[in-house]
Amino acid sequence: MNTIYDFAFSEQGYNHIKSDKVCQDSSGCYSDNSMAVVVVADGHGSDNYPRTDRGSSFAVEATITAVREFIKTVEESAVDISTDSEAYLEQLAKNILANWYAAVDADLEKYPFSDEELSKVSEKYKKRYMSGQSQEKAYGTTLIAACQTKNYWFGLQIGDGKCVCISQDGSMYEPIPWDEDCQANITTSICDSEAIEEFRYFFTRECPIATLMGTDGIDDSYANTEEMYVLYRSILAIFAEHGRETGEAEIQAFLPGLSRKGSGDDVSIAGMVSATLSTAFIEVLKAQCEFSNAKAQREQAEREVTLAAEKQEYVLAAMKKAKMNYDLCIQKANEAQEAIAAAQQTQEDAVKRFKTAEIALSSAAAAYQSSITPDGAVISEDFETETEAPDEHLNAEISAPPSVDSEQKSELSAPEKTDVISFIESEKSSKTIIDQFSIGEDGMEGQ
């Protein structure tokens, strides 16, 4: 169709380049005077699908072939497929599967599995493949296809990825129903045993001015659907304003950077865009792109403000907690300072007491030493008597001592000991005070 630009591009993902993995995406397009067809397919990334790159390529070829035959049959038979579009499109899906299985079987016959090829495949799948069971699983892939004629538009899909249409007023919508079984890395596949029941369809007589589709590497590169829509509006505006050559060059230059900054996965985009858009509509597209970009920037700024506010709240709470800890530390420090002052006062009192006791002990010891005579006797002032030299006239009067018997003589031969001397001598023969209180293993015991 001369009134439509059709294109299809696939690019090896940034992560696949780093891991030396082949591009597992495929895409293709076809157009003539009666129709335009675009297709994207995303081979499964697991090591259990070692030929998924071939499987996606076979799916694109099988689909373009089946759609061309389908449109030819419809035109030749003048069938109105709108009367039961889903039944007709289901038959188209069956033809696509038949073509795909034929390509897979031919490839397996020409290139049987090798040990090296299956080296990274799990034992479960390896046994299946080597025994000839479910060998089509090795070629598993998703598929999205859309076709536009002069009178109608239809699309079909199995697996993940997005197909987006732009209407005459510039609004965007996704016509093919979404499959809730496609979540995260889980997807339905053309290699499933019940694949024909997993296809989804859409048919309309109101043709959009543009159809753009991408594998999941595209939509996973954007934070939300609106951001992805900005990309598709931009592509339409570039083709409408600058033509096919510039549009295709822009897409090819854009995809590697998108994968690197976005999903890291293989990325594919295919589309059909009107070649007869008015200048006014192009300006609307540009305004919509600017509006979407400004909205995204505003929302990003709002998120940043929210994050900044949350960070501030966190910091203030941390400061409050730190202040409480600081005040507690100050209180503890003051208490410790008071304890130091009390301990120092106690220490000073103890030092004074010790010095006083030391002086008293020294004085007592000195007094005691001075009271001891050279022969060990203690001089006691209480028993000292003054003796005077006898007068000569007294000596003359004393002629002789009175006579005493032997017992009396014995008693007079040694003077009577004073109480002090008796005490000292008795102490020498007895235990000391320290000996009287010996410290044994069980503590101090009184003697």
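Novice: Any details on the packing of helix 2 (residues 52-77) against helix 3 (residues 85-110)? Residues and values, ideally.
Specialist: As a packed pair, helix 2 and helix 3 sit with axes 8 Å apart at the nearest point and diverge in direction by 135 degrees. Between helix 2 and helix 3, the angle falls in the class oblique. The element helix 2 and its partner helix 3 pack so that their crossing is right-handed. Contacts from Arg54, Gly55, Phe58, Ala59, Ala62, Thr63, Thr65, Ala66, Val67 and Phe70 in helix 2 reach Tyr88, Leu92, Asn95, Ile96, Asn99, Trp100, Ala103, Val104 and Asp107 in helix 3. The residue makeup of the contact of helix 2 with helix 3, split by class, is twelve nonpolar, five polar and two charged.

Novice: I'd love a proper account of the side chain of Lys137, names of residues and values included.
Specialist: You can see Lys137 is positioned in the loop between helix 4 (123-130) and strand 4 (143-149). Beyond its immediate stretch of four places on either side in the chain, Lys137 contacts Tyr49, Tyr129, Cys191 and Asp192.

Novice: Describe in detail unusual backbone geometry, supporting the description with residues and values.
Specialist: Most of the time, phi is negative for any residue but glycine, and the peptide bond is trans. Of note, the phi angle at Asp20 is positive, near 55 degrees, even though the residue is not glycine. Inspection of the secondary structure puts Asp20 in the loop between helix 1 (14-18) and strand 2 (25-31). Even without glycine at this site, Ala78 takes up a positive phi of about 55 degrees. On the secondary structure map, Ala78 appears in the loop between helix 2 and helix 3. Its relative accessible area of 65% is what places Ala78 among the exposed residues.

Novice: Please give an account of the pattern of salt bridges that cites residues and values.
Specialist: Evaluated as defined, the whole model comprises 15 salt bridges. A salt bridge links Arg51 to Glu117; the shortest N-O distance between them is 2.6 Å. In this pair, Arg51 sits in the loop between strand 3 (35-42) and helix 2 while Glu117 sits in the loop between helix 3 and helix 4, placing the two residues 66 residues apart along the sequence. Among the salt bridges present, the one from Asp107 reaches Arg54, with a minimum N-O distance of 2.7 Å. Linking Asp107 in helix 3 with Arg54 in helix 2, this pair joins segments that are 53 residues apart in sequence. For Arg54, a relative accessible area of 27% corresponds to the partly exposed category. Here the salt bridges do not stand alone but share partners, grouping Arg51, Arg54, Asp107 and Glu117 into one network.

Novice: Explain the sheet that holds strand 1 (residues 4-11) to me, using residue names and the numbers behind them.
Specialist: Strand order in the open sheet formed by five strands is 1-10-9-6-7, and the pairing between neighbours is antiparallel. Every other strand in the sheet has two partners, leaving strand 1 and strand 7 (172-173) as the edge strands with one partner each. With two bridges joining them, strand 6 (residues 162-166) and strand 7 adopt antiparallel strand pairing. Paired with Cys165 across the strands is Tyr173, a residue of strand 7. The sheet strands contacting helix 7 (residues 225-242) are strand 1, strand 6, strand 7, strand 9 (210-214) and strand 10 (267-274), and the helix crosses strand 6 at an angle near 55 degrees. Across the face of the sheet, helix 8 (residues 244-261) comes into contact with strand 1 and strand 10 while running at roughly 25 degrees to strand 1.

Novice: Provide a residue-level description of the state of the cysteines, including the pertinent values.
Specialist: In protein structure, a disulfide is the covalent linkage between the sulfur atoms of two cysteines. For the structure shown, the criterion picks out zero disulfides. Sulfur of Cys165: no disulfide; nearest cysteine sulfur belongs to Cys163 and is 4.8 Å away.

Novice: Give a detailed account of helix 7, specifying residues and quantitative values.
Specialist: Residue pairs three or four apart in sequence face the same way in an α-helix, which turns once every 3.6 residues. Between its first and last C-alpha, helix 7 extends 26 Å over 18 residues, near the 26 Å set by a 1.5 Å rise per residue. When helix 7 is considered as a whole, its buried residues turn out to be Met228, Tyr229, Val230, Leu231, Tyr232, Arg233, Ile235, Leu236, Ala237 and Phe239. For helix 7, the capping residue at the N-terminal end is Asn224, with a side-chain oxygen 3.2 Å from the backbone nitrogen of Glu226. Count one or two residues on from helix 7 and you reach Gly243, which has phi positive near 95 degrees.

Novice: Please set out the pairing of strand 9 residue by residue, giving values where relevant.
Specialist: By the criterion of burial, strand 9 is predominantly enclosed, with five of the five residues buried. Neither face of strand 9 is exposed, since Ala210, Leu212 and Gly214 on one face and Thr211 and Met213 on the opposite face are all buried.

Novice: Describe the sheet that holds strand 4, listing the residues and the values that go with them.
Specialist: Spatially, five strands are ordered 2-3-4-5-8 in an open sheet, and the strand pairing comes out antiparallel. Among the strands making up the open sheet, the edge pair consists of strand 2 and strand 8 (200-204). With strand direction ignored, the average angle separating the axes of adjacent strands in the sheet is 5 degrees. As paired elements, strand 4 and strand 5 (residues 153-158) share six bridges and run antiparallel to each other.

Novice: Give a detailed account of the nonpolar core, specifying residues and quantitative values.
Specialist: Judged by nonpolar contacts, the single largest core of 44 residues is most densely connected at Ile71, Leu92, Trp100, Leu143, Phe154, Leu156 and Phe199. Breaking this core down by element, the ones donating at least two residues are strand 3, helix 2, helix 3, helix 4, strand 4, strand 5 and strand 8. For this core, the element with the highest residue contribution is helix 2, accounting for ten residues. Those residues within four positions of Leu92 in sequence are excluded, and the remaining contacts are Ala66, Val67, Phe70, Phe154 and Leu156. By size, the runner-up hydrophobic cluster in this structure holds 28 residues, among which are Ile218, Met228, Leu236 and Ile282.

The rules behind each value
Residues numbered from 1 in each chain as written. Predicted model: local features only at pLDDT ≥ 70, side-chain atom pairs only at ≥ 80, totals over all residues. Heavy atoms only, no water. Axes fitted to C-alpha atoms, helices over the stretch in contact; angles between N-to-C directions. Helix = DSSP H or I, 4+ residues; strand = E, 2+ residues; numbered from the N terminus. Parallel < 35°, antiparallel > 145°, perpendicular 65-115°, else oblique. Left-handed = near helix turned anticlockwise from the far one by under 90°. Contact = heavy atoms within 4.5 Å. Nonpolar A, V, L, I, M, F, W, Y, C, P; charged D, E, K, R; others polar. Buried < 20%, exposed > 50% of the residue type's maximum accessible area, 1.4 Å probe, protein only. Salt bridge = Lys/Arg side-chain N within 4 Å of Asp/Glu carboxyl O. Pairing = 2+ DSSP bridges. Disulfide = S-S within 2.5 Å. Expected span 1.5 Å × (residues − 1). Polar contact = N/O pair within 3.5 Å; in protein donor to acceptor, adjacent residues only side chain to side chain. Core = buried A, V, L, I, M, F, W, Y, C linked by side-chain atoms within 4.5 Å.

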